[in-house]
Amino acid sequence: MAETTRFGISIDGRLLQQFDDLIESKGYDNRSEAIRDLIRNALVEQQWSGDDEETVGTVTLVYDHHTRDLADRLTEHQHSHHEAVISTLHVHLDAHHCLEVVVVKGRTSEVRRLADELIGTKGVKHGKLVTSTTGKGLQ
């Protein structure tokens, strides 16, 4: 386990109160854990700024499954990037709409390209890439 280092920061009182209110609403036990999460989030964002980093994420799609050939086109995109697609979850939201979550892993450029193809497929009503990390190198 890594050695814990303590450090101090200077912060405006009003900003600190807002931060305390935020971390309380999110259920953090203390400021230290909230700050660690902020640092981890910044490191993951930095990881995604490169094109050649090994990353993971999810692509969430909402679409009307009655749209002609849409499900087939989405499946084709996934098959053409089979090395990046780990898993897919398909949920029927109502009589017309589906939610699909595609778990992806690979180099950032490849994952972004796949996400853009899926989200940009004609008939997709909403799509979003949620970026994460493999966890390597994070404490």
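Above this text sits the structure in question.
Here the residue numbers are simple positions, counted from 1 along each chain's written sequence. The predicted origin of the model limits local features to residues at a pLDDT of at least 70 and limits the giving and counting of side-chain atom pairs to 80 or more, whereas totals for whole chains, interfaces and linings rest on all residues. To get the side-chain values, all heavy atoms of the structure are used, and hydrogens and water are removed first.

### Some thoughts on the sheet that holds strand E3 (residues 97–107)
Item 1. In this description, strands pair whenever DSSP reports at least two bridges between them. Secondary structure follows DSSP: runs of H or I at least 4 residues long count as helices, runs of E at least 2 residues long count as strands, and numbering of each begins at the N terminus. The four strands are arranged E2-E3-E1-E4 in an open sheet whose pairing can be described as antiparallel. The open sheet terminates on both sides in strands that have one partner only, identified here as strand E2 (85–92) and strand E4 (124–131). Sheet twist, expressed as the average angle between the axes of neighbouring strands with direction ignored, equals 15°.
Item 2. As defined by bridge partners, strand E1 (residues 54–64) adjoins E4 across seven bridges and the pair is classed as antiparallel. The residue of E4 that forms the bridge with Val62 is His126.
Item 3. The criterion used for residue contact is that any of the two residues' heavy atoms lie within 4.5 Å. Only the stretch in contact is used when fitting a helix axis, every axis being a line fitted to C-alpha atoms; angles between N-to-C directions are given from 0 to 180 degrees. The strands that helix H3 (residues 70–80) touches are E1, E2, E3 and E4; relative to E1, the one it contacts most, it runs at about 170°.
Item 4. Against the sheet, helix H4 (residues 108–119) makes contact with E1, E2, E3 and E4, and its axis sits at roughly 160° relative to E3, the strand it touches most.

### What to know about the packing of helix H1 (residues 13–26) against helix H2 (residues 31–49)
Item 1. Viewed as axis vectors pointing N to C, H1 and H2 meet at an angle of 90°, and their least axial separation amounts to 10 Å. Relative to H2, the element H1 is oriented roughly perpendicular. Between H1, through Leu16, Phe19, Asp20 and Ile23, and H2, the contact on the second element is made entirely by Arg31, Ala34, Ile35 and Leu38.
Item 2. In this count, Pro and Cys sit with the nonpolar residues alongside Ala, Val, Leu, Ile, Met, Phe, Trp and Tyr, while Asp, Glu, Lys and Arg are called charged and the others, Gly among them, polar. Looking at side-chain class alone, the contact of H1 with H2 contains six nonpolar, no polar and two charged residues. Convention used here: angles under 35 degrees read as roughly parallel, angles over 145 as roughly antiparallel, angles from 65 to 115 as roughly perpendicular, and any remaining angle as oblique.

All quantities given are derived from atomic positions and should not be read as evidence of function.
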